[in-house]
Amino acid sequence: MVSALRSLQGIRPRLGARVHVDPAAVVIGDVELADDVSIWPTAVLRGDVGAIRIGRASNIQDGAIIHVTHDGPWSPGGGDTEIGEGVTVGHGVVIHAARIEDHCLIGIRATILDGAIIHRHAIIAAGSLVPPGKVVGEGELWMGQPARRVRALEPAEIERLHYSAEHYVRIKDRYLAESRD
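In this report, the structure presented in the accompanying data block is examined. (Residues numbered from 1 in each chain as written. Predicted model: local features only at pLDDT ≥ 70, side-chain atom pairs only at ≥ 80, totals over all residues. Heavy atoms only, no water.)

As for the overall build of the protein
Move 1: Of the regular secondary structure elements, the protein holds one helix and 20 strands.
Move 2: Over its C-alpha trace the protein gives a radius of gyration of 15 Å, about what one expects of a compact globule, namely 16 Å for 181 residues.
Move 3: On the principal axes, the C-alpha backbone points of the protein span a range of 45 × 45 × 20 Å.
Move 4: Surface summary for the protein: the accessible area is close to 8,600 Å², and the carbon and sulfur share equals 54%.
Move 5: If the 19 positive side-chain charges of the protein are averaged to one point and the 23 negative ones to another, these points end up 3 Å apart. (Helix = DSSP H or I, 4+ residues; strand = E, 2+ residues; numbered from the N terminus. Rg over C-alpha atoms; globule rule 2.2 N^0.38 Å. Areas by Shrake-Rupley, 256 points an atom, 1.4 Å probe, with all protein chains shown as cover. Lys, Arg positive; Asp, Glu negative; His and termini not counted. Charge placed at Lys NZ, Arg CZ, Asp CG, Glu CD.)

Looking at the environment of T88
Move 1: You can see T88 is positioned in strand β10 (residues 88–89).
Move 2: Along the primary structure T88 and R120 are separated by 32 residues, whereas in three dimensions their C-alpha atoms are 12 Å apart.
Move 3: Residues in contact with T88, not counting those within four places in the same chain, are N59, Q61, C104, L105, I106, S164 and A165.
Move 4: A polar atom in the side chain of T88 sits 3.1 Å from the side chain of N59. (Contact = heavy atoms within 4.5 Å. Polar contact = N/O pair within 3.5 Å; in protein donor to acceptor, adjacent residues only side chain to side chain.)

Re the sheet that holds strand β7 (residues 59–60)
Adjacent strands of a sheet pair through backbone hydrogen bonds, lying either parallel or antiparallel.
Move 1: Pairing within the open sheet is mixed, and its eight strands lie in the order β3-β5-β7-β10-β13-β16-β19-β20. One side of each edge strand has no neighbouring strand; the edge strands of this open sheet are β3 (20–21) and β20 (147–152).
Move 2: Of the pairings in the sheet, the one linking strand β19 (residues 140–144) to β20 comprises five bridges and is antiparallel in character. Among the inter-strand pairings, G144 is bridged to a residue of β20, identified as A147. (Pairing = 2+ DSSP bridges.)

Quick notes on unusual backbone geometry
Move 1: A cis geometry characterises the amide bond from Q145 onward to P146, with omega recorded as 5°.
Move 2: Even without being glycine, Q9 reaches a positive phi, approximately 50°.
Move 3: Note that Q9 resides in the loop between β1 (5–6) and β2 (14–15).
Move 4: Its relative accessible area of 75% is what places Q9 among the exposed residues. (Buried < 20%, exposed > 50% of the residue type's maximum accessible area, 1.4 Å probe, protein only.)

Considerations on the pattern of salt bridges
Move 1: Summed over the entire model, instances satisfying the criterion amount to 13 salt bridges.
Move 2: Among the ionic pairs, R14 bridges to D30, the shortest N-O distance being 3.0 Å. Here R14, found in strand β2, pairs with D30, found in strand β4 (residues 26–33); they are 16 residues apart in sequence, far enough to count as distant.
Move 3: Judged by relative accessible area, which is 18%, D30 ranks as buried.
Move 4: Residues R46 and D48 are paired through a salt bridge, measuring 2.5 Å at the closest nitrogen-oxygen approach.
Move 5: Connected through salt bridges with shared partners, the residues R14, D30, E32 and R53 form a single ionic network. (Salt bridge = Lys/Arg side-chain N within 4 Å of Asp/Glu carboxyl O.)

The following block contains the structure:
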């Protein structure tokens, strides 16, 4: 949806195939959305002082905020935000200059701060706070404020991460089909 996309200093968000950006979302500047990404109402992706990259089939749900860190005296080099493939970012999540690898779930109202790395197949529980620079291991469940490792994920939980991403692709496709009517 063109109304939700904004250029900044000549840099326009780039969209892959079959991307859905809700008209009530805002996507600004240096943001790249791969194929089948969905951005839901009131989500804000602000690539104004760095880049945001979101991988194929990831979904950024209602009210999520994704931002970056500028290059400055207290943040040399700045920090981009990278979200891998098949990631589900829950309602009201804040992600700031962090990296999230493939097929993770970031629970409702969780916060992921600068320099944090969430390795693939991880779950960050609802309401959790991942502090700056924290590294979450592959296939782990973390929760709390600050978030701490609770346990390894079961195989069925990892399967559910893949299901979640696929489910949101199907929902996104329904929205895209209706917008063509």
